[in-house]
Amino acid sequence: WLKAQQCSRNSFRPAYPSNCCDIEALVYGNMWCMLRHEVKKLAAAKAWRHSTACLSRLHPGSSNSHGTRLQSLAAASMAAATLGSAAAGCSDGNPLLERPSLFPRFADVRVEHISSAMKSSIAKAEKELAAQEVQLETKLQQGITPTYVELADSLERIGDIVSRPWSTVGHLKSVKDSDALRAAYQELQPLVVAFYTRISQSQAFYRGWSALRADPDAWIPLTNQQQRVAELELLDAELSGIGLEGEKKTRFNEIQKTLAQLSTDFSNNVLDATKAFKHRLVSDHEVDGLPASALAMMAANARKHGDVGATAEKGPWVITLDAPCYMAVMQYASSPALREHVYRAFTSRASEHGGGGDNTPVINKILQLRAEKAALLGYTSHAEVSLAKKMATLESAHELMEDLRSKCYNAAVAEHSELEKFAGKKLELWDVAYYSERMKSERFSYDEETVRQYLSLDNVLSGLFGVISRLFDVTIVERSPEELGAQTWDDAVRMFEVQREGRPCAYFYIDPYTRPGEKKGGAWMRGECGRSKALALPGEEVQLPVAHMVTNQTAPVTNSDGTVTPSLMLFREVETMFHECGHALQHMLTNVDEGHVSGISGVEWDAVEQPSQFMEYWAYDVPTLKGMARHWKTGETMP
């Protein structure tokens, strides 16, 4: 126990190999946090016995390899988390509360953990918030300006008490949804929304930030980053109803809760409708035109749904509405009737005409409440509220859209006319992708299905990481979750470490494959945690950032003969992977230590796409493309 405490304060670190000191410090800090609970709750002899066992696993011998030390340190980190769980009676071993610093225990989380974890976290955070408010009010009444640290760091730490477990729950709902998880999320969401509204409407913090900005002696010495934090906190408070009182404040808070629930309902309805649709095909003429990869995917779908003998060659085949399957039908199916059926099912999801819950009343209610909320805040529309935290104005946004429309419309009409001329008929909406693909093939000898044979996921990641290394002078190394003391939510999820000058500076997960029954569609990047000095463990200078990159591309297919075709990517999926990596890089490579504005935090939404768009362009870079576009069977470079 004493060693863990001292190591967390950095006094023992020189005795250990420096090339893994970042990881050691993380583990020792975690050890200290967990073991101090043990000391308080158990007899001294028992505490020493547990801590000695953990520390004996931690001490890396001088002859160990870096990988062996990583495994030892990761095992000790998990041991410390387990020890803390047993010792801290309030958590009862809850994996949402007892976890390694950077990596949630995704695999251990169960629905029954959520309610107790969130209620205890909110109660703890509210208690700390109230105590900090008393201190701020006392200072303000004495005419003393609160310091930046008293405002920013305390606010960040208080928010982190709730955001860490809730972020894990929210992520699992996006990638591993179930009826039980959904019910738990909906039960706790109002409490979480109420807590964040309570923070945003804290008069003590608002007056504290205002006093800091108004005091030149306190304001001028602040860095640009710190001043940015203060300005954003003041604006966020104003947009969260800090100036409202009485019935208006009560109504505003009710609207906040209802809008959060409606947003969840909207996503649930879309996922349910996507999951509900299955179209089974049994004859060759029904699947005419579909490439072998699509047939293999659809046969795999059929096997999942009971047709154990389904093959790509003989069927049966099951079409779903997840993006890879839907796009294959739209681009390649010769049957107009099949394309129309699938198109109508896809575009009418979660509507009065489609499967799943109807989102029409959800949308109408959202529009109504947004307008009412804007009026309460003194704005004329929701658009003005939204743009208050962006760089653009309502007028400039309209000007940009009209400028684009006027320049693009005639060109779009001409291209559509050209496509109809090529098809020899007036095109329906479900015909456009099909004839576009045929025209590209005939005029430009471009066959998307042939191209994807050269774009396996592993090759694309190798090319992407090569670009990142050349541009940013960092190295990306794949790590097993066990090496890092981490867990994943699905066997297909992979973990990577970003190294700068041989030392870890960030980590990220990649969840690449579609799972229609439990994972929402689209692609996104989210921060698991951000770079932050305030949230650093004892003995560490800064908390390292961790990111998630989530896409929905075709998974590897196990064929009827037992062979496996790897995940082969369409070029637009390659663009998507580069795009999401651009977001992740902004989050991970930041040098800003103020958690409120590090990485993607505090970036206006009309600016946040710049890094992702920048990275997309590198998918077209010829050296990059040649380096990663190799046939998955032969290794031949794409001609």
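Residues numbered from 1 in each chain as written. Predicted model: local features only at pLDDT ≥ 70, side-chain atom pairs only at ≥ 80, totals over all residues. Heavy atoms only, no water.

The subject of this paragraph is the packing of aromatic side chains. According to the stated counting rule, one finds 15 aromatic pairs in the structure shown. Seen from their ring centres, Trp166 and Tyr185 are 4.6 Å apart, and the 15 degrees between their planes marks the pair as stacked. With Trp166 in helix H6 (residues 148–175) and Tyr185 in helix H7 (residues 179–200), this pair connects stretches of sequence that are 19 residues apart. Classification of Trp166 as buried rests on a relative accessible area of 11%. The class for Tyr185 is buried, based on a relative accessible area of 12%. Aromatic side chains Tyr326 and Phe346 sit 3.9 Å apart centroid to centroid with 15 degrees between the ring planes, which places their arrangement in the stacked category. Taken together, the residues Tyr326 in helix H13 (residues 323–332) and Phe346 in helix H14 (residues 336–347) connect sequence positions 20 residues apart. Classification of Tyr326 as buried rests on a relative accessible area of 8%. Each member of the aromatic cluster is reached from another via a ring pair, and the members are Phe106, Trp489 and Tyr509. Seen from the ring of Phe346, Arg349 lies directly overhead, with NZ or CZ sitting 3.9 Å from the centre. The ring of Trp524 has Lys520 sitting right over it, with the charged end atom 4.7 Å from the ring centre. (Phe/Tyr/Trp six-rings, centres within 6.5 Å; stacked < 30°, edge-to-face > 60°. Helix = DSSP H or I, 4+ residues; strand = E, 2+ residues; numbered from the N terminus. Buried < 20%, exposed > 50% of the residue type's maximum accessible area, 1.4 Å probe, protein only. Lys NZ or Arg CZ within 6 Å of the ring centre and 35° of its normal.)

As a further point, take the pairing of strand E7 (residues 546–553). Counted residue by residue, E7 has 8 buried out of 8 residues, so it is predominantly covered. Neither face of E7 is exposed, since Val546, His548, Val550 and Asn552 on one face and Ala547, Met549, Thr551 and Gln553 on the opposite face are all buried. As paired strands, strand E5 (residues 503–513) and E7 are joined by 6 bridges and run parallel to one another. The residue of E7 that forms the bridge with Ile510 is Met549. Relative to E7, strand E6 (residues 524–529) runs antiparallel, the two being bridged by 5 bridges. In the strand pairing of E7, Arg526 is matched with His548. (Pairing = 2+ DSSP bridges.)

This part takes up the nonpolar core. Within the largest apolar cluster, 55 residues are counted, with the highest numbers of intra-cluster contacts made by Phe103, Ile114, Trp209 and Tyr509. When residues of this core are traced back to their parent elements, those giving at least two are helix H5 (111–141), H6, H7, helix H8 (203–214), helix H10 (224–239), E5, E6 and E7. In this view, Trp209 contacts Tyr148, Leu151, Ala152, Leu155, Val229, Ala230, Glu233 and Leu234; residues no more than four positions away in its chain are not counted. Listed in part, the 36 residues of the second largest apolar core include Val451, Leu457, Val498 and Val574. (Core = buried A, V, L, I, M, F, W, Y, C linked by side-chain atoms within 4.5 Å. Contact = heavy atoms within 4.5 Å.)

Attention now moves to the sheet that holds E7. Read across the open sheet, the 5 strands follow the order E3-E4-E5-E7-E6; overall the sheet is mixed. The strands lining the two open edges of the sheet, one partner per strand, are strand E3 (475–479) and E6. Adjacent strand axes in the sheet meet at a mean angle of 25 degrees, parallel and antiparallel pairs treated alike. Docked against the sheet, H6 engages E5, E6 and E7, running at close to 155 degrees with respect to E6. (Axes fitted to C-alpha atoms, helices over the stretch in contact; angles between N-to-C directions.)

Take the pattern of salt bridges next. In total, this model carries 36 salt bridges according to the counting rule given. Arg405 is the salt-bridge partner of Glu402, the closest N and O atoms lying 2.9 Å from each other. You can see Glu402 and its partner Arg405 sitting in helix H17 (residues 394–423), 3 residues apart, about one turn around the helix. Taking relative accessible area as the criterion, Glu402 reaches 40% and is therefore assigned partly exposed. Taken together, the shared-partner salt bridges connect Lys176, Asp490, Asp511, Arg515, Glu518 and Lys519 into one network. (Salt bridge = Lys/Arg side-chain N within 4 Å of Asp/Glu carboxyl O.)

This brings us to a nonpolar patch on the surface. On the surface, Phe266, Ile363 and Leu367 cluster together to form a nonpolar patch covering roughly 250 Å² of accessible area. Structurally, Ile363 can be placed in helix H15 (residues 360–376). (Patch = residues over 30% accessible without salt bridge, like charges linked within 9 Å, V, L, I, M, F, W, Y side chains within 5 Å. Areas by Shrake-Rupley, 256 points an atom, 1.4 Å probe, with all protein chains shown as cover.)

Quick look at the side chain of Glu575 now. Along the polypeptide, Glu575 turns up in helix H22 (residues 571–588). Salt bridges are absent for the buried Glu575, whose nearest opposite-charge side chain, Arg572, sits at 7.6 Å. Separated by 2.6 Å, the side chains of Glu575 and Tyr620 make a polar contact. When sequence neighbours within four positions are dropped, the list of residues in contact with Glu575 reads Glu616 and Tyr620. (Lys, Arg positive; Asp, Glu negative; His and termini not counted. Polar contact = N/O pair within 3.5 Å; in protein donor to acceptor, adjacent residues only side chain to side chain.)

What follows deals with H10. Taking 1.5 Å of rise per residue, 16 residues should cover 22 Å, and H10 covers 22 Å from first to last C-alpha, within 8% of that figure. Within H10, the full set of buried residues consists of Gln226, Gln227, Val229, Ala230, Leu232, Glu233, Leu234, Ala237 and Leu239. Residue Gly241 follows H10 closely and has a positive phi angle near 85 degrees. (Expected span 1.5 Å × (residues − 1).)

On average, residues of the chain score 86 in pLDDT, and 85% of them are at 70 or above. Counting contacts from residues 1–90, a segment whose pLDDT is below 50, to residues more than four positions away or on other chains yields 138 contacts. (pLDDT = per-residue confidence, 0-100.)

With respect to the element layout, Asp288 can be found in the loop between strand E1 (279–281) and helix H12 (292–304). Since its relative accessible area comes to 44%, Asp288 is described here as partly exposed. For the pair Asp288 and Ala333, spaced 45 residues apart in sequence, the C-alpha to C-alpha distance is 6.1 Å. What Asp288 contacts, discounting residues up to four positions off in sequence, is Tyr332, Ala333 and Ser334.

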